[in-house]
Amino acid sequence: MDRRSLIKHAGIAGVLTAGVAPAVHAQAAIRWRLASSFPKSLDVLIGGTEAFAKEVSAMSGGKFTISVHTAGELMPAFGVVDGVQNGTVECAHTAPYYFFGKDEAFALDCSIPFGLDSRQLTAWMFAGNGLKLMREFYSNYNIVNFPMGNSGAQMGGWYRKEIKSLADMKGMKMRIGGFGGRILERLGGVPQNIPAGEIYQSLEKGTVDAAEWIGPHDDLKLGLYKVAPHYYYPGWWEGSTQFSLYVNQKAYDGLSAENKAIILAASSRAHMSIQADYDYKNPGALKQLVSQGAKLHPFSNDIMKAAFKATEDVYAELSAKNPNWKKIYGDMKPFRADSNLWFRFTEAKFDGFMQAQKL
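Just so it is clear, the model here is predicted, and its values are computed rather than measured. (Residues numbered from 1 in each chain as written. Predicted model: local features only at pLDDT ≥ 70, side-chain atom pairs only at ≥ 80, totals over all residues. Heavy atoms only, no water.)

Draft legend 1. The sheet that holds strand E9 (residues 230-233), seen in detail. Spatial strand order, E7-E6-E8-E5-E9-E11: six strands in an open sheet with mixed pairing. The sheet is open, and its two edges are formed by strand E7 (190-192) and strand E11 (295-298), each paired on a single side. With three bridges joining them, strand E6 (residues 173-175) and E7 adopt parallel strand pairing. Note on E7: the bridge partner recorded for Arg 175 is Gln 192. (Pairing = 2+ DSSP bridges. Helix = DSSP H or I, 4+ residues; strand = E, 2+ residues; numbered from the N terminus.)

Next comes the structure, spelled out in structure tokens:
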């Protein structure tokens, strides 16, 4: 009796009794590359991405490994969508609003002016319809997205001169990411989209008059206070900024159910740890910035009100002409209203009281 006939008639127990071992097909090792949009100096973002890769390797017993490559190593910082879409790399870590020029809906996976704070955005993504709607959108780009990190609310950036009123925004050239630039234009400013690694030089040379990045920890590393001492708050265009893991659809579809679960688990862990890292490091970094000469200023009420009005106008225009925006923002907007009403009676009141105390 040949081997195939023996297995068919005797079953596994009979095969083992007969001393004939069935063929075992070992799963091939998986080797992916991840292209980041961030330079190595941004340790929270790169560190979080490297921790993600380590988690994937650990959970797979070393059978699934992902090498992390910082901005410029494999492709430019703003080239990662094309890289993942075309399969040049299997995955990337980025801030989706960098790509709002392709479609404004990219920003809804990241940050929009006067949008959601970090807790609200996570709630909308995981408990609401956010992730479902963004997955539908990204299918047009051969991408599967996973939330992977959040900066929390950001600062309003560094300015070479004081910005005392709305009039001071006129003609101001500012490095600003994502949708904030659209609103800055409405206020008379001139937005510039510059990668993190080039911001300091642009400020130093006067190519731009102002620049925003994330918050105290990263701003301290970039050294922006040395060339633009006026530090404004809040970053009304980024009440939180969610970073995303982009995975090529074909590469993702080729994974086993176990490895898909590993990607989800590892990216979710990184989503939490990146924000925790920022929340832990920013307070001390802000103190250090002030001690080294940074001058803190709140944006004036006329700037805040004008920015909010311009933002609402832009969103109405987009809803009228971009069906992707209308569908996704149309779901986010009522959640934002309900969530802010709830937070008004809880976090906002509690936080306001605590921040007024001597601790």
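Draft legend 2. Spatial organisation of the environment of Val 80. Here Val 80 shows up in helix H3 (residues 80-85). For Val 80, a relative accessible area of 0% puts it in the buried group. Each C-alpha atom of the pair Val 80 and Phe 99 lies 9.6 Å from the other, and the pair is 19 residues apart in sequence. Beyond its immediate sequence surroundings of up to four residues, Val 80 is in contact with Ala 35, Ser 36, Ser 37, Met 75, Ala 92, Thr 94 and Phe 99. (Buried < 20%, exposed > 50% of the residue type's maximum accessible area, 1.4 Å probe, protein only. Contact = heavy atoms within 4.5 Å.)

Draft legend 3. Representation of the packing of aromatic side chains within the structure. According to the stated counting rule, one finds 28 aromatic pairs in the structure shown. On the basis of an interplanar angle of 65° and a centroid distance of 5.0 Å, the ring pair of Phe 106 and Tyr 141 is categorised as edge-to-face. With Phe 106 in the loop between strand E3 (91-94) and helix H4 (118-126) and Tyr 141 in the loop between helix H5 (130-138) and strand E4 (143-150), the pair connects residues that are 35 residues apart, well separated along the chain. On the basis of relative accessible area, Tyr 141 is assigned to the buried category, the value being 14%. Judged by centre distance (5.1 Å) and plane angle (75°), the rings of Tyr 159 and Tyr 232 are edge-to-face. With Tyr 159 in strand E5 (residues 157-159) and Tyr 232 in strand E9, this residue pair connects regions lying 73 residues apart in the sequence. Judged by its relative accessible area of 1%, Tyr 159 falls in the buried class. Cluster of aromatic residues (ring-pair linked, three or more members): Phe 38, Phe 78, Tyr 97, Tyr 98, Phe 99, Phe 106, Phe 137, Tyr 138, Tyr 141, Phe 243 and Tyr 246. The positively charged end of Arg 135 is found above the aromatic ring belonging to Phe 146, 4.7 Å away from the centroid. (Phe/Tyr/Trp six-rings, centres within 6.5 Å; stacked < 30°, edge-to-face > 60°. Lys NZ or Arg CZ within 6 Å of the ring centre and 35° of its normal.)

Draft legend 4. Looking closely at the confidence of the model for the chain. Per-chain confidence: the chain averages 92 in pLDDT, with 92% of residues scoring 70 or above. Considering only residues more than four positions removed or in separate chains, one finds that residues 1-25, a stretch of pLDDT under 50, has 15 contacts. (pLDDT = per-residue confidence, 0-100.)

Draft legend 5. Here's a closer look at the pattern of salt bridges. Scanning the entire structure with this criterion turns up 12 salt bridges. Note that Glu 55 and Arg 269 form a salt bridge whose closest N and O atoms lie 3.3 Å from each other. Note that Glu 55 is positioned in helix H2 (residues 43-59) and Arg 269 in helix H10 (residues 257-291), a separation of 214 residues in sequence. For Arg 269, a relative accessible area of 46% translates into the label partly exposed. Here Glu 136 makes a salt bridge to Lys 327, at a shortest N to O gap of 2.9 Å. Within this pair, whereas Glu 136 is found in helix H5, its partner Lys 327 is found in helix H12 (residues 323-345), the two being separated by 191 residues in sequence. What emerges from the salt-bridge pattern is a single network uniting Asp 43, Asp 277 and Lys 281. (Salt bridge = Lys/Arg side-chain N within 4 Å of Asp/Glu carboxyl O.)

Draft legend 6. Just H5, in detail. When we look at burial in H5, the residues that qualify are Gly 130, Leu 131, Leu 133, Met 134, Phe 137 and Tyr 138. Burial along H5 is one-sided: seen end-on, the buried residues are contained in an arc of 165°. (Arc of directions from axis to C-beta.)

Draft legend 7. Structural view of the side chain of Thr 311. Within the secondary structure, Thr 311 sits in helix H11 (residues 301-321). Taking relative accessible area as the criterion, Thr 311 reaches 0% and is therefore assigned buried.

Draft legend 8. Region of the structure containing the state of the cysteines. What the rule picks out here adds up to zero disulfides. Between Cys 91, a cysteine without a disulfide, and Cys 110, which holds the nearest cysteine sulfur, the sulfur-to-sulfur distance is 18 Å. Assessed through its relative accessible area of 1%, Cys 91 is described here as buried. On the accessibility criterion, Cys 110 (1% relative accessible area) is buried. (Disulfide = S-S within 2.5 Å.)

Draft legend 9. How the structure looks around the pairing of strand E2 (residues 64-69). Bridging between strand E1 (residues 30-36) and E2 involves six bridges; their strand directions are parallel. Note on E2: the bridge partner recorded for Trp 32 is Ile 66. With respect to chirality, the unit in which E1 leads through H2 into the neighbouring parallel E2 is right-handed. (Right-handed = clockwise from strand over helix to strand, strands pointing away.)

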